[in-house]
Amino acid sequence: TDRTWSTCVISPPSEDPRFRLVYHSDTSHMAGLAAVFGTVRRRGTAWVFATVTSPSIFVSPRTYSNTSDDSSSSDASSFVDVSKAQERARMKAAAVAAQSAADTGQMFVFDRAVKAAQRDRAAFLRRNDRSGDITDPFLDEIAKRTLDRLRDVKRVFPKVLVLGGATDAVVRTLLTERQDVTEIVVVDASFDMLSFVKRNAEAEFGAAEVKKDDDVSGADDDSSAPRLSSSNALQSSSSNSLQQSSLSSAPRSSSSSDTVFTESHTVTNKNGAPVRVHYVHADEEDLPMRDASVDVVISVLGLHWANDLPGAMSQARQALVPDGLFLCSVLGGESLREMRIACAVGEMEREGGVSQRVSPLAQVRDCGNLLTRAGMKLPAVDVDTLTMQYPNPMKLVEHLRQMAEQNAAVARRKGPIRRTTAIAAAACYQSMFCVDTFDTFGDETEKQKKEKKENAVECTFQVLYMTGWSPGANQPEPLERGSADVSLAKLEEELAKVPGNK
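Computed from a predicted structure; not experimentally measured.

S.K.: Account for the overall build of the protein, naming residues and giving values.
M.R.: Summing up its helical and strand segments, the protein has 15 helices and 10 strands in all. Of the contacts made within the protein by residues no fewer than 6 positions apart, 79% connect residues no fewer than 24 positions apart. A total of about 26,100 Å² of accessible surface is found on the protein, and carbon and sulfur atoms cover 52% of it.

S.K.: Let's hear about helix H10 (residues 337-351): which residues, and what values?
M.R.: Given a rise of 1.5 Å per residue, 15 residues ought to cover 21 Å, and the 21 Å separating the end C-alpha atoms of H10 matches this to within 8%. Among all positions of H10, only Glu338, Met339, Ala342, Cys343, Gly346 and Glu347 are buried. With its buried residues spanning 145° around the axis, H10 presents them on a single face. Looking at the packing, one finds that the buried side of H10 touches helix H12 (393-402), helix H13 (419-432) and strand E10 (457-469). The positive-phi residue at the C-terminal boundary of H10 is Gly352, with phi of around 75°.

S.K.: Mind laying out a nonpolar patch on the surface, listing which residues take part and the relevant values?
M.R.: Taken together, the side chains of Val486, Leu488, Leu491, Leu495 and Val498 define a hydrophobic patch exposed on the protein surface, amounting to about 490 Å² of accessible area. Summarising the element assignment, Leu495 is placed in helix H15 (residues 488-496). What makes Leu495 partly exposed here is its relative accessible area of 46%.

S.K.: Explain the nonpolar core to me, using residue names and the numbers behind them.
M.R.: Side chains of a nonpolar character, in soluble globular proteins, are inclined to be buried together. In terms of nonpolar packing, the biggest core is built from 54 residues, with Leu174, Ile184, Ile298 and Phe461 touching the most fellow members. If we skip the residues at most four places from it in the chain, Leu174 touches Leu147, Val160, Val162, Val181, Ile184 and Ile298.

S.K.: Before we move on, can you summarise the packing of helix H4 (residues 112-127) against helix H7 (residues 191-205) with the specific residues and values?
M.R.: How two helices sit against one another is set out by the angle between their axes and by the gap between those axes. Contact geometry for H4 and H7: axes closest at 7 Å, N-to-C directions at 35°. Between H4 and H7, the contacting residues are Arg119, Asp120, Ala122, Ala123, Arg126 and Arg127 on the first element and Phe191, Asp192, Met193, Phe196 and Arg199 on the second. For the contact of H4 with H7, the residue count by class is 5 nonpolar, no polar and 6 charged.

S.K.: Hey, could you go over the pairing of strand E7 (residues 294-300) for me, with residue numbers and the actual values?
M.R.: The buried fraction of E7 is high, at 7 of 7 residues. Where strand E3 (residues 159-165) lies against E7, 4 bridges are found, and the strand directions are parallel. The partner of Gly165 across the bridge, within E7, is Val300.

S.K.: Now, about the packing of H12 against H13: what can you tell me, with residues and values included?
M.R.: Relative to each other, H12 and H13 sit at 110°, their axes nearing to 9 Å. Considering their axes alone, H12 and H13 lie roughly perpendicular with respect to each other. Touching Pro393, Met394 and Leu396 of H12 are Ala426, Tyr429 and Gln430, all from H13.

S.K.: Just give me the short version of the environment of Ala404, but keep the residues and values in it.
M.R.: Structurally, Ala404 can be placed in the loop between H12 and H13. Classification of Ala404 as buried rests on a relative accessible area of 2%. Once the C-alpha coordinates of Ala404 and Arg121 are considered, the two residues, 283 residues apart in sequence, prove to be 7.6 Å apart. Those residues within four positions of Ala404 in sequence are excluded, and the remaining contacts are Lys115, Gln118, Arg119, Ala122 and Trp305.

S.K.: I'd like a description of the side chain of Ser359, backed by residues and values.
M.R.: Relative to the assigned elements, Ser359 resides in the loop between H10 and helix H11 (364-373). The buried category is assigned to Ser359, whose relative accessible area is 4%. Polar contacts involving the side chain of Ser359 include one to the side chain of Asn407, which spans 2.6 Å. Ignoring anything within four residues of it in the chain, the contact list for Ser359 reads Phe110, Trp305, Arg340, Gln406, Asn407, Ala408 and Ala409.

Procedures and definitions
Residues numbered from 1 in each chain as written. Predicted model: local features only at pLDDT ≥ 70, side-chain atom pairs only at ≥ 80, totals over all residues. Heavy atoms only, no water. Helix = DSSP H or I, 4+ residues; strand = E, 2+ residues; numbered from the N terminus. Contact = heavy atoms within 4.5 Å. Areas by Shrake-Rupley, 256 points an atom, 1.4 Å probe, with all protein chains shown as cover. Expected span 1.5 Å × (residues − 1). Buried < 20%, exposed > 50% of the residue type's maximum accessible area, 1.4 Å probe, protein only. Arc of directions from axis to C-beta. Patch = residues over 30% accessible without salt bridge, like charges linked within 9 Å, V, L, I, M, F, W, Y side chains within 5 Å. Salt bridge = Lys/Arg side-chain N within 4 Å of Asp/Glu carboxyl O. Core = buried A, V, L, I, M, F, W, Y, C linked by side-chain atoms within 4.5 Å. Axes fitted to C-alpha atoms, helices over the stretch in contact; angles between N-to-C directions. Nonpolar A, V, L, I, M, F, W, Y, C, P; charged D, E, K, R; others polar. Pairing = 2+ DSSP bridges. Parallel < 35°, antiparallel > 145°, perpendicular 65-115°, else oblique. Polar contact = N/O pair within 3.5 Å; in protein donor to acceptor, adjacent residues only side chain to side chain.

Have a look at this one:
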C-alpha cells in the first residue's frame, strides 16, 4: 500500500506494555511487518513464548530517579563491566544471525529462558512454603560440602563470585563460616531468585551500621582494598543501576539484553563484621565481570544448565585474579536414575513409546576435559553420591520444582505429562524403588506414619566437584617427562621394608 506506518505493535491480550514488541519504521506497512516477523523468525517461536511467560527477561519502561543513599545503592562497577557485556551480547547476536543464515545446525541443549522462568517459580515456592522454612537441606548440604574445600587452602579469599544454582545456601554459608570474605557478587539469570536471596540475607544477618562520614564505596588508603565506584559513577557508566527501591520493584532484563542491573547492600557476618553483597542480574553464560576482579568463583548446582559450559568456565577464569580458585559442583549423569527408569516404564506402558523426561547431565570423565579446555591449571575432580528419601514420588517432584531442577532441554516433549502416564510412573517408582525404613515424626498420626512407610521412595543424586586454578606465576609446575630420580620399582622396594607392609 501507499500508506506509511510509523509504529507496528504486536501485543498479547494482557495489553501489558512490558510484553509489547514495538518496531518503529518510516517505510511501508509491509516492510514494517516483514522486519518484525523477520526478528521473530530468527529468534524462534520458543523465544516468543518465553518472552510472554518468563517475567525475568523484561525491561520495565519505568525510570528510577537517583534518590538512593550510599548504603543501599549499587557500587559494583569494580566487578561489573557493562561495556564488555554489551559487546559480548552484540557479538553473540551477530553470530546467531550469521549461523541462522548459514544454517550450520548448531545445537542448543537447554532453553535458558525456560530455566530462568523455572528459577522464578522456585523462588516463589520457597518463599511461600507452607512450613515457613525457606531453607533447603539438600542445597545446604551440597553448599557446605563444596565450600569445605576452601578449608584445605591456606589462603584468604576476600572477594567471592557466586554463579547461579544454590545462591541462597552459598551466601548463607559464606556469611556464617568464612570470616575472610569482605565482598560477595551474586550473579543469577532469575530476578526473583536474586530478590529471594537478598531478602533472606537481610532477614538473617541484618544490615551493617555505616557511618555517614565513612567512605561507603570502599576506597581507602590501603591499595589492597577493593576500590568500588559510587552509585553515581555506576549510573553514568550503565545508566541502569537499581535505586533505593527494593529489588523486586526494579527493572528486569534478559541475558540477550544490552543492560546489566545491579544492586548492593551491606550485611554483617557471624562475627559482626560488615560484608558488602552485590546482586547482578545476568546470564551465567555471558558474565559481565571485569578481568581479574575476584579471588574465587563458586558455583553450586548451577552450571550444569549451561549450553556452552567450557565457555562459561573460561569466562569465570578471566574474572579470577592470577592464581585464583574456581570451585564448582554440578549434578552428574547418575542423578535421578530411578526417575528415568520409572518414567520410561510408565510411558512405555501407557503411550507405547519413551520421551526425554530428565535433562542430560555431565559424566565424570568429562569434567577434567572441561577444566582443561577452560584454561584451568591443577584440575581436580571428585564425586559424591547421595541417596534421598521421600514420602512418595510426588514429594520428589515438588522438591525438584523448589530447586528449579525440572527438565529444561530444548528437545523435551512439550506440554504436561498425561495424568494416566504420571500415575503409572508413580506406581512403577513405588514398586521398584521403595525403601524399607523411613523416618517419621512423633506429631504424626499412626495412619500418616503407615502411609509414609508404604509409599516412601528413594532417589539418587550424583554430585561432581570440579576444582581449578587460574594461571599464575607462583603455581607449581610438573617436571619434564623422564626427569624423575626415583623409579616406581625402587619406591616399591622401599615401601616393602616398612614393618606391616607385604
